[in-house]
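Chain by chain, the residues run as shown.
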Amino acid sequence: ISKQINNTEIRDLSKILFEQFFMKTNSGLRKVEIELFKLFQNLNLDNDLIKFENYLNRNISDPKRIKDFNKLISISQKSFIQKFKNTFHILPNEYVKLKQVNQAITKLKANDYNNLTNLGIDCGFYDQSHFIKTFKKYSGLTPKQFVGR
């Protein structure tokens, strides 16, 4: 992806992200969304990577495994992991965890949950312990601390 994006586009996005997250502007994330859309609208992603994203989005509450997804494509699991890492500079299982934590944060902010245990299960975590550990790894807070801040 980085080979398909020019430095000016990256600079523009960096400026907007800096303003949004460090200058505490109240513009919301709409500016960031617009810049990201402009940045990624013309990228040519590999069909296997698109299939992976669709697989993850089909039913986010089901725990996702790379080996289960790999049955849907014609390359080996090792080849897919390498292709994903070369494209996004992150392993597919880390991406899945980031998506799960992001979904949990979205639901927490919208107050769209009954209790934290069920929220973790709804976001595809195996159990409460897995949810808390992963959430804290990526956000720096436990889900309970996140709600209380």
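Each remark here, short or long, concerns the structure printed above.
Cut-off values and rules
- Residues numbered from 1 in each chain as written.
- Predicted model: local features only at pLDDT ≥ 70, side-chain atom pairs only at ≥ 80, totals over all residues.
- Heavy atoms only, no water.
- Patch = residues over 30% accessible without salt bridge, like charges linked within 9 Å, V, L, I, M, F, W, Y side chains within 5 Å.
- Areas by Shrake-Rupley, 256 points an atom, 1.4 Å probe, with all protein chains shown as cover.
- Salt bridge = Lys/Arg side-chain N within 4 Å of Asp/Glu carboxyl O.
- Helix = DSSP H or I, 4+ residues; strand = E, 2+ residues; numbered from the N terminus.
- Buried < 20%, exposed > 50% of the residue type's maximum accessible area, 1.4 Å probe, protein only.
- Phe/Tyr/Trp six-rings, centres within 6.5 Å; stacked < 30°, edge-to-face > 60°.
- Lys NZ or Arg CZ within 6 Å of the ring centre and 35° of its normal.
- 1 Å grid on protein atoms, 1.4 Å probe; cavity = no way out; pocket = protein on both sides within 12 Å on 5 of 7 lines; lining within 4 Å.
- Points joined across faces, edges and corners; volume = space filled by probe spheres on them.
- Nonpolar A, V, L, I, M, F, W, Y, C, P; charged D, E, K, R; others polar.

> I tried to follow a nonpolar patch on the surface on my own but got confused; where do I start?
Together, L45, I50 and F88 line one region of the surface with nonpolar side chains, adding up to about 220 Å² of accessible area. Tracing the chain through its elements places F88 in helix α5 (residues 77–88).

> Would you take a moment to explain the environment of N118 for this structure?
Tracing the sequence through the fold places N118 in helix α7 (residues 116–122). Note on N118: relative accessible area 35%, which makes it partly exposed. Along the sequence, N118 and Q128 sit 10 residues apart, while their C-alpha atoms lie 8.2 Å from each other.

> Where do I start with the packing of aromatic side chains in this structure?
In the structure shown here, the tally under the stated rule is 11 aromatic pairs. An aromatic cluster of three or more residues is present, and its members are F52, Y55, F69, F80, F84, F88 and Y95. Over the aromatic face of F146 sits the side chain of R149, whose NZ or CZ is 4.2 Å from the ring centroid.

> Explain empty space enclosed by the protein here, please?
Summary: where empty space remains is shown by rolling a probe the size of a single water molecule over the atoms. Within this structure, the stated rule accounts for 1 cavity of 30 Å³ or more. Roughly 40 Å³ of internal volume is contained in the largest cavity. Considering the residues around the largest cavity, the lining is formed by L56, I60, D62, K64, V96, K99 and Q100. Sort the elements by how many residues they give to the lining of the largest cavity and helix α6 (residues 92–109) lands first, with 3 residues. The residue makeup of the lining of the largest cavity, split by class, is 3 nonpolar, 1 polar and 3 charged.

> Is there a simple way to explain the pattern of salt bridges in this structure?
Pairs can form between side chains of opposite charge whenever their charged atoms are close. Applying the stated criterion across every chain, the model contains 6 salt bridges. The shortest N-O distance in the salt bridge between D68 and K71 comes to 4.0 Å. Take D68: its relative accessible area is 25%, and that puts it in the partly exposed class. Residue K71 is classed as exposed on the basis of its relative accessible area of 68%. Through salt bridges that share partners, D46, D48 and K83 make up one connected network.

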